[in-house]
Amino acid sequence: MKSSTVIILDNGASTIKAGVVGVHNTDPRVITNAIVRSKGDKGTYIGHELDKCRDFSSLHYRLPFEKGYLTDWDAEKAIWDGLFSHEVLAVNTAESSLLITEPYFNLPNIQDVYDQFVFEEYDFQSYYRCAPAIQTWLLAASLIPYGKLYARPGLPAPDCMLVVDSGFSFTHVVPILNGEIVWNAVKRIDVGGKLLTNQLKELASFRQWNMMDETHIVNNIKEKCCYVSTDFTQDMETSHLNPRSNSIVQEYILPDFSLNRPGRIRRRDEPLEGQAQVMYMNNERFTVPEIMFRPDDIGLEQSGIASTVAQSVALLPEDLQGMFWAHIGLIGGNAKFPGFRERLESELRALAPVDCEPAIYSSKDPILESYRSGVAFAKKHAFTQQAVTRAEYLEIGSNASRRKFRDWKPASVDASKEPEQASRKGPTRPQRGTRDNSPPPARKTSKDKGKGRATTRR
Amino acid sequence: MPPRRQPQRQTQVAASYLDPEVIAKRRRRHLDELERSNYAEPSASLAGIEEDEDAPAGRSVKGKARQFVISDKREWPGMPKKKSSHSVRTAVLYKKNLEKLIDESGIANYPPEAPTYLSAVASPPREPPRLICSVCGYWGKYKCRKCAMPYCDLNCEGVHNETRCERRVM
C-alpha cells in the first residue's frame, strides 16, 4: 500500500472531529453527530448541514449513539456520507486510510459493524480503530508541539499516565502504562454532557421557563454559564442570600431567532430590550456540573470523578501508583468547565497518599486533543504497521481486526470466542488453507450481492 | 383492640409512602429521563411525518425493517452511488438498542476477572448522600412525608406540594 490520504475520524457521540492528515493537522472539521429537524423552518439537517440552520428552537435530535455506543447505523451512515462528500472533506475513501475512535469497552458485535462499514461500504484501504485515550499517549510519546497535554519540552513522555475523558455520554478514568490501556483499572461514571444539559433543562423548566424541548439553547447556556465550584458549601450560601442579586447569579438573555439574535449573558447594567426574555442562572451554574463530582446528588449510585480516580489507581501496580498520581490528563468537552481542574486537584490532594503530589495536565482544547493525537499517530510508522488492510479483511473478515487491534478483550476470551465464530461462519484459521474452504467474508459478499439487490429493489 | 391497631397503621404508612423500592424506581426513571435525546415524543409532533415514523430510534417492531431509511434519501456530491453489502444493509435496516446489543455480545458470560462495560462502572459512593432541595436547589433539610423528596423551607414545601409531590412516584 503506497502512502495515501489518511483520514482521522474522532467519532464522538456529540460531535465528530474529522480531517485529512496534512490538510487539517490542528483544526479538524467539527460537525454535529446527529440528524436534526428544526420545528421553526421544518428543515432536516444531517450532520454538517446544521451550520445552515438559522432557527434553533425546538430542535428534534436523532443521535446515532445510545449511552455512548453506536447503535443507529442508518443515521451514522447518512452523516458519514455527508462528511466524506464534497460538502465537507471531499475525499475518495477507496484511496484513503482511516483512523477512527471507538468508545471504551466497545462491544465486539458493534466492532464488527465498524469493520463492515469501513471496508464493505467505504472501501478504505486500511484502518485502525482505538479508544480516544490511547492516542493521547501516542501524542505524549511523540511530543508533537501542537498538543500541550503531557508535552513538556526536554522530558521524555511519561510511562504511566491516567487520562480522565469526560465527554457527552459518560466519563472514563483510563490508566495507560507503556502505551497500553490497563483495562482492568478503567472505570466509568455515567455522567456526561448530555445528562448535564438535560438536568439543566429540567431545573430551568421547573423554576423559570419551559425549556424541555430546547436542548440546543440550554446546552449553550450550560456552556456559557456553568462552572465547577471549588467551594460548594460557600457557593451554596452565596447563591442563597439573595437569589436575584449576588456574586454568582447571571442573567442569560434567551435567543430570539425571529430577530436572528443569539442568546448571551446580560452585562452589568445593560438595558434590556422590550421583548427580551431573561433566565436567571443562580445555583444552577454550579449544581449542574457538580453532578460529575457527586453523582449521588441526582441519585446515581456511583462515585464522583476524584474517588473514581483513586479507585482506579488502587488497582494499578503499587510501585507505580505515584507515577500515575503525577500524570493525570484531562480530555473531553466537560474539561472546559471553569474550575474543573482546580476542583479535581483539590479533591485528589485529599485522596492521594501523603508522599504523592497529584499533578493534572490540561489542554486548551480538550475536545480536539484526541484528534490531534490521532494526527500525530497517523504520521508514524506504527500506524501503517498496526492498521488492518482491506486485503486482510477480505481474507479473514473481522478476525483481522480482532487480532490486530489491542483492546479490552482478554486474549483468552478472544481465543475461546473464535472457534465459536468459526462454527457459525465457517473456518477462520488461516493455516487451514483459506482457499479450499472459501473464506467466510468472500463467500458472504458474493452471496450477499444478490440479496442486497433484492432488498433495495423492493 | 385499639392497642393492636396502632402498630398496624404505622407499618401501612411506611409501606405505602416511603417504600424504598418505590423511591428507587422513581430514581431510575428520573435517570432514564436524563438520558433522553428529546423530550417530546416524536410521534406527537406533526412536521416531517416520514422521519417521525422512524425517529424514535429503535422502536421498529422486532424483525421488521425500517420503513424510512434516511441514509438512502440523500445524495451527496462526490459520493459514488453504490449497493451496500448485505452486512451493511442489515445494520442500516435493523436497529438494535444497546440493551439488546449488550445481551447479544455475550460480555455477561466473560470470566469475572475480565474487564467489560458491565464491570467498569464506578463503585457506589462512600459518602452519605447530600440532601438538596428539589425546588430551589439549596440544602434540603426536610423530606416530604409522602414522597421523600427533600425541600428546604416552608415556601419550597408549598411549591413542592402544589406541583411536584408524588409526580415522580409511580
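Above: the structure in question.
Rules and cut-offs
- Residues numbered from 1 in each chain as written.
- Chains lettered and ligands numbered in written order.
- Predicted model: local features only at pLDDT ≥ 70, side-chain atom pairs only at ≥ 80, totals over all residues.
- Heavy atoms only, no water.
- Helix = DSSP H or I, 4+ residues; strand = E, 2+ residues; numbered from the N terminus.
- Buried < 20%, exposed > 50% of the residue type's maximum accessible area, 1.4 Å probe, protein only.
- Contact = heavy atoms within 4.5 Å.
- Areas by Shrake-Rupley, 256 points an atom, 1.4 Å probe, with all protein chains shown as cover.
- Core = buried A, V, L, I, M, F, W, Y, C linked by side-chain atoms within 4.5 Å.
- Pairing = 2+ DSSP bridges.
- Axes fitted to C-alpha atoms, helices over the stretch in contact; angles between N-to-C directions.
- Arc of directions from axis to C-beta.
- Salt bridge = Lys/Arg side-chain N within 4 Å of Asp/Glu carboxyl O.

> Help me understand the overall build of chain A in this model?
A tally of helices and strands in chain A yields 17 helices and 20 strands. With 458 residues in all, chain A has 62% of them scored as buried. Considering only contacts in chain A between residues 6 or more positions apart, those separated by 24 or more positions represent 65%. Accessible surface, chain A: about 18300 Å² in total, of which carbon and sulfur atoms supply 50%.

> What is the right way to look at the nonpolar core in this model?
The tendency in soluble globular proteins is for nonpolar side chains to be buried side by side. Ranked by size, the top nonpolar core spans 82 residues in total, and within it L9, W73, W80, L83, F84, F105 and F117 of chain A carry the most contacts. Counting residues in hydrophobic clusters, the runner-up holds 51 residues, among them V164, I189, C226 and F340 of chain A.

> Hey, could you run me through the sheet that holds strand β16 (residues 264–265) of chain A in this one?
In a beta sheet, neighbouring strands are held together by backbone hydrogen bonds and run either parallel or antiparallel to one another. Residues and elements named next belong to chain A. Strand order in this open sheet of three strands is β16-β15-β17, and the pairing throughout is antiparallel. The open sheet has two edge strands with one neighbour each: β16 and β17 (278–281). The strands that helix α5 (residues 215–225) touches are β15 (250–253), β16 and β17; relative to β15, the one it contacts most, it runs at about 145°.

> Which parts of the structure should I look at to understand helix α6 (residues 98–105) of chain B?
A turn of α-helix holds 3.6 residues, and therefore any two residues three or four places apart point the same way. Residue and element names in this part refer to chain B. What α6 keeps buried is the set L98, L101, I102 and S105. Around the axis of α6, the buried residues are gathered within 100° of arc, so they sit on the same side. In α6, the exposed positions angled more than 90 degrees off the buried face are occupied by E99 and D103. After α6 finishes, the residue G106 shows a positive phi value of roughly 75°.

> Please clarify how helix α7 (residues 154–164) of chain B should be interpreted in this entry.
When we look at burial in α7 of chain B, the residues that qualify are C156, H160 and R164 of chain B. Taken end-on, α7 of chain B shows its buried residues confined to a sector of 45°, consistent with a single buried face. For α7 of chain B, exposure combined with an orientation more than 90 degrees from the buried face picks out L154, N155 and E162 of chain B. Contact partners of the buried residues in α7 of chain B: α4 (193–207) of chain A together with β2 (150–151) of chain B.

> Help me understand the pattern of salt bridges in this model?
Note on pairing: side chains with opposite charge can pair once their charged atoms come close. Within the structure shown, the criterion is met by 33 salt bridges over all chains. Taking the shortest distance from any N to any O, the salt bridge between R62 of chain A and D74 of chain A comes out at 3.1 Å. Residue R62 of chain A is located in strand β6 (residues 59–62), and its partner D74 of chain A is located in helix α1 (residues 73–84); the two are separated by 12 residues in the primary sequence. Classification of D74 of chain A as buried rests on a relative accessible area of 0%. One salt bridge connects E290 of chain A with R130 of chain B, and the closest N-O pair in it is separated by 2.9 Å. With E290 of chain A in helix α8 (residues 290–293) and R130 of chain B in the loop between α6 and β1 (142–143), this residue pair bridges two chains.

Nothing here speaks to function; it is geometry throughout.
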